[in-house]
Amino acid sequence: MHQKPDGDAMGSTLGLYHFLIQFNHIVTVISPTNWASFLNWMPACSTVLDYEKETTASNLLINEADWIFCLDFNTLNRTKNMEQALLQSSSTKILLDHHQQPQTEVFAYGLSDTSKSSTAEMVYDFIINAGFQDKINDDISKCLYAGAMTDTGSFRFPSTSSAVHLMIADLLKRGLKQSSIHENLFDNFSENRLRFIGNVLLNRMQIFYEYNTALISIPQQDLIKYEIKTGDTEGLVNYPLSIEGIKMAAIIIDRGEERKCSFRSKGDFDVNTFARKYFNGGGHFNAAGGSSRDAIELVVSKFKEAMIENKKELCTYQF
Ligand code: 5GP
Ligand code: MN
């Protein structure tokens, strides 16, 4: 899975894990980095290795593996420090992903489908199309539901096709209790995180109505003051999109070692291209990210310049 895994990265990977172990395969899930604690409830999450903390053990597994399934990322550099180990391993690498422009040359096999809502949906298709619907147990259901639900913004993004609803209907028919998954993912945060969000919306958000754009920039001191942990900032970038007329929302967070950027858009503005062009990143048409080693003030001014350059595309508002 990609670094700093989200619900879909962790959910799709653990979903596949719970499928493969039923065939007595020896399976280990490795995350390139740590992850948000709100993912810990997922069945078998406690067995996932954090590559940064357990590098030696992970490298051994990566070298000796027959197969490595790469889920929810398109290019190996999305696995941060794991990239070299993956490149050096002679194992058969298989891609399952829904991001644009996959690095096809490093994978022996793969499915890359940008029309899919989530990698979790692709794991579901993979199991069904292989004829193993009977293997879908409660552990798989929970993981795949979490992946599809988080990557579709709770089933609201345009990627939420009828196939997604049919998959969810199937999981419910199999006995999945979905409301506890929503509670586990959304009602498990600290008081500090909510106060942090209050501060961000009050003091760290700028709106540029002329460009239908909103920008949130968060200095590192805010993260320290409110004891912000991995995952606490997830979803923050979406808040400004609730303002009427806002077409692009951006967030720039000073994480110390780098400035991490996220971009979201509504309608016809392509943030994948935007992130690629200006912030060394990528993602999807309406949700993308990037990063920079420059100081946050510089990243903010670079963003404003990029926004001005895209005025024509941003100020027309067509859906
Ligand atoms: P988020 O903003 O939630 O971190 O990521 C949104 C989307 O953009 C995700 O699909 C993610 O995979 C992609 N993305 C985020 N950061 C980067 C990045 O630095 N490089 C690339 N290529 N994609 C990114
Ligand atoms: Mn995904």
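Residues numbered from 1 in each chain as written. Chains lettered and ligands numbered in written order. Predicted model: local features only at pLDDT ≥ 70, side-chain atom pairs only at ≥ 80, totals over all residues. Heavy atoms only, no water.

S.K.: Before we go on, may I ask you to explain the side chain of Asn272 in this structure?
M.R.: For Asn272, the position within the fold is in helix H10 (residues 271–279). For Asn272, the side chain forms a polar contact with the side chain of Gln100, separated by 2.7 Å. Among all residues touching Asn272, those that are not within four sequence positions of it are Gln100, Gln101, Gly282, Gly283, His284, Phe285 and Ala288. (Helix = DSSP H or I, 4+ residues; strand = E, 2+ residues; numbered from the N terminus. Polar contact = N/O pair within 3.5 Å; in protein donor to acceptor, adjacent residues only side chain to side chain. Contact = heavy atoms within 4.5 Å.)

S.K.: It is not clear to me how helix H4 (residues 119–129) should be interpreted in this structure. Could you clarify?
M.R.: An α-helical segment advances 3.6 residues per turn. Residues three or four places apart therefore align on the same side. Every buried residue of H4 is listed here: Thr119, Ala120, Glu121, Met122, Val123, Tyr124 and Ile127. Contact partners of the buried residues in H4: helix H1 (7–20), strand S3 (67–71), strand S4 (92–97), strand S5 (109–112), helix H5 (138–151) and helix H6 (162–173). Phi for Gly131, located one or two positions after H4, is positive at around 85°. (Buried < 20%, exposed > 50% of the residue type's maximum accessible area, 1.4 Å probe, protein only.)

S.K.: I keep staring at the site of ligand 1 and nothing clicks. Help me out?
M.R.: Around ligand 1 sit 13 residues, and of these Arg78, His99, Lys260, Ser262 and Arg264 come closest. Taking His99, its side chain carries an N or O atom lying 2.8 Å from an oxygen atom of ligand 1. At a separation of 2.6 Å, an oxygen atom of ligand 1 approaches a polar side-chain atom of Ser262. Contributions of two or more residues to the shell around ligand 1 are made by strand S9 (259–265), strand S10 (282–283) and strand S11 (287–292). In terms of residues, the shell around ligand 1 owes the most to one element, S11, which gives four residues. (Near = heavy atom within 4 Å.)

S.K.: Help me out: how do you make sense of the domain arrangement of the protein chain in this one?
M.R.: How big an interface is tends to be stated in terms of the accessible area lost upon association of its parts. Looking at the assigned domains, one finds that the protein chain contains domain 1 (7–186) and domain 2 (191–314). Spacing between the C-alpha centres of domain 1 and domain 2 amounts to 26 Å. Each partner contributes residues to the interface: domain 1 has 11 residues there, and domain 2 has nine residues. Together, the buried faces of domain 1 and domain 2 total about 820 Å²; carbon and sulfur atoms form 41% of this surface. Its largest share of buried area at the contact with domain 2, domain 1 owes to Phe38, His99 and Gln100, together 41% of the area lost on that side. The interface formed by domain 1 and domain 2 contains zero salt bridges. The tally of links between domain 1 and domain 2 comes to four residue pairs in polar contact (both at pLDDT 80 or more). (Domains from an automatic or database assignment. Buried area = accessible area lost by both parts, 1.4 Å probe. Salt bridge = Lys/Arg side-chain N within 4 Å of Asp/Glu carboxyl O.)

S.K.: Where do I start with the coordination of the manganese ion (ligand 2) in this structure?
M.R.: Distances from the manganese ion (ligand 2) to its protein donors, namely Asp8 (OD), Asp72 (OD), His98 (NE2) and Asp151 (OD), fall within the range 2.2 to 2.4 Å. In terms of primary sequence, the donors binding the manganese ion (ligand 2) are separated according to D-x63-D-x25-H-x52-D. With Asp8 in helix H1 and His98 in the loop between S4 and S5, this residue pair connects regions lying 90 residues apart in the sequence. Each member of the pair, Asp8 as well as His98, is classed as buried. (Donors = N, O, S within 2.8 Å, 3.2 Å for Na, K, Ca; no water.)

S.K.: How do you make sense of the sheet that holds strand S6 (residues 205–208) when you look at a structure like this?
M.R.: Backbone-to-backbone hydrogen bonds pair the strands of a sheet. The strands run either parallel or antiparallel. Spatial strand order, S6-S7-S8-S9-S11-S10: six strands in an open sheet with mixed pairing. Looking at which strands have only one partner, the edges of the open sheet turn out to be S6 and S10. (Pairing = 2+ DSSP bridges.)

S.K.: Any chance you could explain the nonpolar core here in plain terms?
M.R.: One recurring pattern in soluble globular proteins is that nonpolar side chains are buried together. In this structure, Met10, Leu14 and Leu171 are the most contacted members of the largest nonpolar core, which totals 37 residues. At the level of secondary structure, the elements contributing two or more residues to this core comprise H1, H4, H5, H6 and helix H7 (178–186). Excluding its chain neighbours within four sequence positions, the residues that come into contact with Met10 are Met1, Pro5, Trp35, Leu39, Met42, Cys45 and Val48. Counting residues in each nonpolar core, the second largest holds 22 residues, with Phe208, Tyr211, Cys261 and Phe269 among its members. (Core = buried A, V, L, I, M, F, W, Y, C linked by side-chain atoms within 4.5 Å.)

S.K.: Looking at this model, I keep getting lost on the packing of H4 against H5. Mind explaining?
M.R.: Helix-helix packing is described using two parameters, namely the angle between the two axes and the distance between the axes. Relative to each other, H4 and H5 sit at 140°, their axes nearing to 7 Å. In this view, H4 runs oblique relative to H5, as classed from their interaxial angle. Between H4 and H5, the contacting residues are Ala120, Val123, Tyr124 and Ile127 on the first element and Ile140, Leu144, Gly147 and Ala148 on the second. Residue composition of the contact of H4 with H5, by class: seven nonpolar, one polar and no charged. (Axes fitted to C-alpha atoms, helices over the stretch in contact; angles between N-to-C directions. Parallel < 35°, antiparallel > 145°, perpendicular 65-115°, else oblique. Nonpolar A, V, L, I, M, F, W, Y, C, P; charged D, E, K, R; others polar.)

S.K.: Looking at this model, I keep getting lost on the pairing of S4. Mind explaining?
M.R.: It is a general feature of regular strands that their side chains alternate between the two faces of the sheet. Within S4, five of the six residues are buried, leaving the element largely enclosed by the surrounding structure. Across five bridges, S3 lies against S4 in parallel orientation. From the neighbouring strand, Phe69 faces S4, where its bridge partner is Ile94. The parallel pair S3 and S4 is bridged by helix H3 (residues 83–88), and the resulting crossover is right-handed. Of the strand pairs in this sheet, S4 and S5 are connected by four bridges, and their pairing is parallel. Directly across from Leu95, in S5, lies its bridge partner Gly110. (Right-handed = clockwise from strand over helix to strand, strands pointing away.)

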